[in-house]
2 protein chains.
Amino acid sequence: MTDDTQAPIGIFDSGVGGLTVLKAIRARLPGEHLVYLGDTARLPYGTKSPASIARYAEQATARLLDEDIRLLVVACNTASAVALEALRAAVSPLPVIGVVEPGAEAAVVARPGGRHLVLATETTVRLGAYRRAIARLDPAAEVRELPCELLVALAEEGWTEGVEAESVVRRYLAAVEQSDYHPDSIILGCTHFPLLRDVIAACAPAGTSIVDSAETTARFVESQLADTAAKGVRGALKLLATDGASRFARVGGQFLGERLEESAIEIVDL
Amino acid sequence: MTDDTQAPIGIFDSGVGGLTVLKAIRARLPGEHLVYLGDTARLPYGTKSPASIARYAEQATARLLDEDIRLLVVACNTASAVALEALRAAVSPLPVIGVVEPGAEAAVVARPGGRHLVLATETTVRLGAYRRAIARLDPAAEVRELPCELLVALAEEGWTEGVEAESVVRRYLAAVEQSDYHPDSIILGCTHFPLLRDVIAACAPAGTSIVDSAETTARFVESQLADTAAKGVRGALKLLATDGASRFARVGGQFLGERLEESAIEIVDL
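Nothing here was measured: the structure is a model prediction, and the numbers come from that model.

> Account for the overall build of chain A, naming residues and giving values.
For chain A, the count of helices and strands is 11 helices and 10 strands. The C-alpha radius of gyration of chain A comes to 18 Å, within 12% of the 18 Å expected for a compact globule of 270 residues. Dimensions of chain A, computed from the C-alpha atoms along their principal axes, are close to 50 × 40 × 40 Å. Burial statistics for chain A: of 270 residues in total, 58% are counted as buried. Put simply, of all contacts in chain A between residues at least 6 apart along the chain, 77% involve residues at least 24 apart.

Rendered as structure tokens:
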């Protein structure tokens, strides 16, 4: 448990996707200071070897430790799947929270022994992180993982509603339905997908739980803080990236739900 | 001019996209032996520095030279934009053909002094390669470049027709129309986009020329060969990749329009 409310929460991702997690944390804990690091120069992590991903995650963590963070959020499914335990060991006793476990836990709590559908990237599906996390928590649960790369592109383009998003989401869900798998819950297993939450909920059969892993991670962060900053004054926000301030500001602004200026992004070397 | 019809044509790309160029070359020159190298371990090139891209292109070229190629096709827009001249100098007198120039040339020949719309990736747009190539060939031409990342994702997912592809293409084209730019020609400025040619043609205003840069590159290749292999016997096809044989076979098969077995992909180190 950490109690220095002046120290920021550190959040890292390979790109801008983790900003949905940052947004959820800020909504829940508006007084906290936050520092975000997007390793945009080396994305996507998904095609890199586990050894490289672990090294990148260590470098990003080292940079965030320079900011005297009180807690680290690995807001990247690939790094969460590959490097979480090693990071925990390296920075102990600093709490380290990934995005996979909170989502898996929320899903099995909502639907014990249920059927879960994980929407994710090809890499996350290949790594099977949600499948393993759910099996650990609820051996009776069934899990199907569906790679949905087009949802990443829709989110990055900012096309999060309308006929394009709907037709794409419907086609992915129809493929699952045709295979006679009828999920009780849909887990948004990619940090990009909370942007498409409304359209996914609208296209899913009535009664399906939608588990937003950004929101569940934010709840988990709150539970780990012994003391939280006062809510009256909005905490400071620091944004770091390893490349492409202009794209980061444009796409990241959509993810954060507010206008970002290119000058607000500090480019750092890891 | 090269005349050893037993030597293969070498084709290289950062991924599977260049297989549309390979397919077009094979359709035009079915007797030619072809060797393709996809640098899948290091894609996307678009986020790398020009110096890195140039180095990757040199390494890929060196590997293809080991195959005794008679001609090199750089079937990658980013590498064509960044490294073509350096590669030409390095391997002279071996002919080196990129994908940008043939497309630009076909467009200005079809519509001299016309208005061109280049559909491309964010990186190709940022590099401005088509804009410069068209300006060199036809200073009276107008050019607008439109980043269309969702078309890449649609092509990789294999969703090249139907309501999803149509709604996405219509939205991109509507944005151009709303800005009061009415193109005479649409250039498919990404090696993924020939897969979406039919839907793009169907969504474009009647009378718009569609310039398929895979096809124009294949025509250019033919024009550079003094002697072509007999058409009666299909040439050999060798596929090399730097990572991910399974994904290469699955997605590449769609691009090539035929079933590829994972075992047919040779993984190489560069």
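Back to the text.
> Before we move on, could you go through the pairing of strand β9 (residues 237-241) of chain A and cite the residues and values that matter?
Residues and elements named next belong to chain A. As paired strands, strand β2 (residues 34-38) and β9 are joined by five bridges and run parallel to one another. Residue G38 lies in a different strand from β9, and its bridge partner there is A241. The pairing of β9 with strand β10 (residues 265-267) spans three bridges and is parallel. Across the sheet, the residue bridging to L240 is E266, located in β10. Each parallel crossover has a hand, and the one from β9 via helix α11 (residues 245-256) to β10 is right-handed.

> Go over the interface of chain B and chain A with me, naming the residues and quoting the values.
Every contact between the two is made by 22 residues of chain B and, on the other side, 22 residues of chain A. At the boundary of chain B with chain A, total buried surface from both sides reaches about 1,900 Å², with 54% on carbon and sulfur atoms. Considering only the side of chain B, the residues that lose the most area to chain A are L150, W159 and R171 of chain B, jointly responsible for 32% of the buried surface there. For E164 of chain A, the salt bridge identified is with R171 of chain B, shortest N-O distance 2.7 Å. Linking chain B to chain A there are seven residue pairs in polar contact (both at pLDDT 80 or more). Per-class residue counts for the side of chain B that touches chain A are 11 nonpolar, two polar and nine charged.

> Can you tell me about the sheet that holds strand β5 (residues 115-120) of chain A, naming the residues and giving the values?
All names here are of chain A. With parallel pairing, the four strands of this open sheet are ordered in space as β6-β5-β7-β8. The sheet is open, and its two borders are formed by β6 (142-147) and β8 (209-212), each paired with just one other strand. The average undirected angle you get between the axes of adjacent strands in this sheet is 20°. Here strand β7 (residues 185-188) runs beside β8; their pairing, made up of four bridges, is parallel. In the strand pairing of β8, I187 is matched with V211. Against the sheet, helix α8 (residues 163-178) touches β5, β6 and β7, its axis set at about 140° to β6.

> Describe unusual backbone geometry, with residues and values.
Residue and element names in this part refer to chain B. Across the junction of L43 and P44, the peptide omega takes the value -5°, indicating a cis bond. Position of P44 among the secondary structure elements: in the loop between β2 (34-38) and α2 (50-65). In this structure, P93 follows S92 across a cis peptide bond, with omega equal to 10°. Its location among the elements puts P93 in the loop between α3 (77-91) and β4 (96-98).

> Help me get a handle on empty space enclosed by the protein, residues and values and all.
Residue and element names in this part refer to chain B. Tallied over the full model, the rule gives one cavity of 30 Å³ or more. Within this model, the largest cavity holds a volume of roughly 60 Å³. Contributing to the lining of the largest cavity are L117, L173, V176, E177, Y181, P183, I186, A204 and P205. Looking at the lining of the largest cavity, the element that brings in the most residues is helix α8 (residues 163-178), giving three residues. Residue composition of the lining of the largest cavity, grouped by class: eight nonpolar, no polar and one charged.

> Could you give an account of the packing of helix α1 (residues 19-28) of chain A against helix α10 (residues 213-224) of chain A, naming the residues involved and the relevant values?
Residue and element names in this part refer to chain A. Following both chains from N to C, one finds α1 and α10 inclined at 50°, their axes separated by 8 Å at the closest point. By the criterion of interaxial angle, the relationship of α1 to α10 is oblique. Here α1 and α10 pass one another in a crossing that is right-handed. Packed against α1, whose contacting residues are T20, V21, A24, I25 and R28, the element α10 presents A214, E215, T217, A218, R219, V221 and E222 at the interface.

> Pulling in residues and values, what's your account of the pattern of salt bridges?
Should their charged atoms come close, side chains of opposite charge can pair. This model, assessed by the stated rule, comprises 42 salt bridges over all chains. With a closest N to O distance of 2.6 Å, R247 of chain A and E122 of chain B form a salt bridge. One end of the pair, R247 of chain A, is in helix α11; the other, E122 of chain B, is in helix α5 (residues 122-127), on a second chain. Looking at R247 of chain A, the relative accessible area reads 30%, which means it is partly exposed. Look at the salt bridges and you will find they share partners, linking R63, E67, K238 and E266 of chain A into a network.

> Got a sec to walk through the packing of aromatic side chains? Specific residues and values, please.
Each aromatic ring pair is described using two quantities: the centre-to-centre distance and the angle formed by the ring planes. Using the criterion set out here, one finds seven aromatic pairs over all chains in the structure. Aromatic pair W159 of chain A and Y172 of chain B: ring centres 4.6 Å apart, planes at 45°, arrangement tilted. Of the two residues, W159 of chain A sits in the loop between α7 (149-157) and α8 while Y172 of chain B sits in helix α8, which places them in two different chains. An identical accessibility class is assigned to W159 of chain A and Y172 of chain B; each is buried. Three or more aromatic residues joined by ring pairs make a cluster, and in this case those are F12, Y45 and Y56 of chain A. Of note, R42 of chain A hangs over the ring of Y56 of chain A, and the distance from its end group to the ring centre comes to 3.9 Å.

> Provide a residue-level description of the confidence of the model for chain A, including the pertinent values.
On average, residues of chain A carry a pLDDT of 94, and 99% of them reach 70 or more. Scoring of the predicted complex yields 0.92 for pTM and 0.89 for ipTM.

> Which residues make up the relation of the copies chain B and chain A, and what values go with them?
Note on the identical chains: chain B maps onto chain A by a rotation of 180° and an axial translation of 0.0 Å, with an RMSD of 0.0 Å. Classification of the inter-copy transformation places it as that of a two-fold axis. A share of 100% of the interface residues of chain B reappears at the interface of chain A, consistent with the copies meeting face to face through the same patch.

> Talk me through the layout of surface pockets; I want residue IDs and the actual numbers.
Residues and elements named next belong to chain A. The calculated volume of the second largest pocket comes to roughly 320 Å³. Around the second largest pocket, the lining comprises 16 residues; the ones closest to its centre are K23, P194, L195, R197 and D212. Looking at the lining of the second largest pocket, the elements that each hand over two or more residues are α1, α9 (197-203), α10 and α11. Of the residues forming the lining of the second largest pocket, the biggest block, four residues, is contributed by α1. Taken together, the residues that form the lining of the second largest pocket break down as seven nonpolar, three polar and six charged.

Calculation notes
- Residues numbered from 1 in each chain as written.
- Chains lettered and ligands numbered in written order.
- Predicted model: local features only at pLDDT ≥ 70, side-chain atom pairs only at ≥ 80, totals over all residues.
- Heavy atoms only, no water.
- Helix = DSSP H or I, 4+ residues; strand = E, 2+ residues; numbered from the N terminus.
- Rg over C-alpha atoms; globule rule 2.2 N^0.38 Å.
- Buried < 20%, exposed > 50% of the residue type's maximum accessible area, 1.4 Å probe, protein only.
- Contact = heavy atoms within 4.5 Å.
- Pairing = 2+ DSSP bridges.
- Right-handed = clockwise from strand over helix to strand, strands pointing away.
- Buried area = accessible area lost by both parts, 1.4 Å probe.
- Salt bridge = Lys/Arg side-chain N within 4 Å of Asp/Glu carboxyl O.
- Polar contact = N/O pair within 3.5 Å; in protein donor to acceptor, adjacent residues only side chain to side chain.
- Nonpolar A, V, L, I, M, F, W, Y, C, P; charged D, E, K, R; others polar.
- Axes fitted to C-alpha atoms, helices over the stretch in contact; angles between N-to-C directions.
- 1 Å grid on protein atoms, 1.4 Å probe; cavity = no way out; pocket = protein on both sides within 12 Å on 5 of 7 lines; lining within 4 Å.
- Points joined across faces, edges and corners; volume = space filled by probe spheres on them.
- Parallel < 35°, antiparallel > 145°, perpendicular 65-115°, else oblique.
- Left-handed = near helix turned anticlockwise from the far one by under 90°.
- Phe/Tyr/Trp six-rings, centres within 6.5 Å; stacked < 30°, edge-to-face > 60°.
- Lys NZ or Arg CZ within 6 Å of the ring centre and 35° of its normal.
- pLDDT = per-residue confidence, 0-100.
- Least-squares fit on C-alpha atoms with pLDDT ≥ 70 in both.

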